[in-house]
Amino acid sequence: MEHSIGELARLGGVSVKAVRHYSELGLLASHRTTAGHRRYDADAVARLELIRTLRGLGIDLPTVRAVLERERMLGEVLTAHAAAVAVEIESLRVRHAVLSIAARRHSTPEELERMHNLTAQSEQERRTLIADFLTSVLGDDPGFAAIRQNLTPELPDDADVGQVEAWLELATLVQDDDFRAAVRRMASGYRAIATDAPLWHDPAFRDRLIALRRTEAGPQWDRYVELLAVVNGWVPPSRIAG
């Protein structure tokens, strides 16, 4: 059974203009009557339905052509496209978080640009930023390897608005020179009393550590630890009283 261009458009759920466009691209075979009208067979209906479905899923026309011509397997195309869509979803999730945060804060254009730049960083760029901070304040002391790991934020791919907001604040904090200097002093103090390791369970020794943390790092350190917990999805830590 043959169909006119109008009938094919109706059966395929697209416009006549779309059918004409696909025909001109060679995606739909047809022949012309003596009066010059296009006629399409049953195969064209099936091809048009596949074209409509793939285009509706966001697959580009060159790839659609490759599938129709059996140059690429449909399963291969769908797998690759699903992976690309997953990346796009994560990007949109972060973009939505930035827009929500900026709207709530009534951010200035400068603040919006800073937030966008921080969230547009790749995972490697985020790791580099934190590694630079930790090396700056802790050095390369192998004795601090476990501490470095515990102090490293890892923004998940499916981060929610709260995690993105925490990352933005944390990323700004670790670039603050005063904060870095304070943490560096705290780390030096820990090294200075590390020789008293056998006294770790002595209340007086623990008081010295708490005092060191409070006097050298202060509220900013507590804030870093809180933000770290939010970004990593950990249980919020308890603040030191006093």
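What comes next concerns the included structure. These numbers come from a predicted model, not from an experiment. (Residues numbered from 1 in each chain as written. Predicted model: local features only at pLDDT ≥ 70, side-chain atom pairs only at ≥ 80, totals over all residues. Heavy atoms only, no water.)

### Remarks on the nonpolar core
Piece 1. Phe133, Trp167, Leu170, Trp221 and Tyr224 are the most contacted members of the largest nonpolar core, which has 36 residues in total.
Piece 2. Of all elements in the fold, only helix H5 (74–105), helix H6 (109–119), helix H7 (123–138), helix H9 (161–173), helix H10 (177–193) and helix H11 (203–232) reach the threshold of two or more residues within this core.
Piece 3. When neighbours within four sequence positions are excluded, Tyr224 is seen to be in contact with Phe133, Leu134, Leu151, Pro153, Leu170, Leu173, Val174 and Phe179.
Piece 4. Among the nonpolar cores identified, the runner-up in size contains 19 residues, and Tyr22, Leu48, Ile59 and Val64 belong to it. (Core = buried A, V, L, I, M, F, W, Y, C linked by side-chain atoms within 4.5 Å. Buried < 20%, exposed > 50% of the residue type's maximum accessible area, 1.4 Å probe, protein only. Helix = DSSP H or I, 4+ residues; strand = E, 2+ residues; numbered from the N terminus. Contact = heavy atoms within 4.5 Å.)

### With respect to a nonpolar patch on the surface
Piece 1. A surface patch of nonpolar side chains, about 240 Å² in accessible area, is lined by Leu57, Leu74 and Leu78.
Piece 2. For Leu74, the location among the structural elements is in helix H5.
Piece 3. Leu74 sits in the partly exposed class, given a relative accessible area of 34%. (Patch = residues over 30% accessible without salt bridge, like charges linked within 9 Å, V, L, I, M, F, W, Y side chains within 5 Å. Areas by Shrake-Rupley, 256 points an atom, 1.4 Å probe, with all protein chains shown as cover. Salt bridge = Lys/Arg side-chain N within 4 Å of Asp/Glu carboxyl O.)

### What to know about the packing of H5 against H6
Piece 1. H6 packs onto H5 with a crossing angle of 155° between their chain directions and a minimal axis gap of 10 Å. Classified by the angle between their axes, H5 and H6 sit roughly antiparallel to one another. Seen along the crossing, H5 lies across H6 with a hand that is right-handed. Contacts from Val94, Val98, Ile101, Ala102 and Arg105 in H5 reach Leu112, Arg114, Met115, His116 and Thr119 in H6.
Piece 2. Grouping the amino acids of the contact of H5 with H6 by side-chain chemistry returns 6 nonpolar, 2 polar and 2 charged. (Axes fitted to C-alpha atoms, helices over the stretch in contact; angles between N-to-C directions. Parallel < 35°, antiparallel > 145°, perpendicular 65-115°, else oblique. Left-handed = near helix turned anticlockwise from the far one by under 90°. Nonpolar A, V, L, I, M, F, W, Y, C, P; charged D, E, K, R; others polar.)

### Quick notes on the packing of helix H1 (residues 5–12) against helix H3 (residues 42–56)
Piece 1. Relative orientation of the contacting elements H1 and H3 amounts to 50°, with a least axis distance of 9 Å. Relative to H3, the element H1 lies oblique. In this structure, H1 crosses over H3, and the sense of that crossing is right-handed. Taking contact as the criterion, the partners of Leu8, Leu11 and Gly12 in H1 are, on H3, Ala44, Val45, Leu48, Glu49 and Arg52.
Piece 2. Taken together, the residues of the contact of H1 with H3 break down into 5 nonpolar, 1 polar and 2 charged.

### Comments concerning the environment of Asn117
Piece 1. Assignment of secondary structure puts Asn117 in helix H6.
Piece 2. In this structure, the C-alpha to C-alpha distance between Asn117 and Leu168, residues 51 residues apart in sequence, is 9.9 Å.

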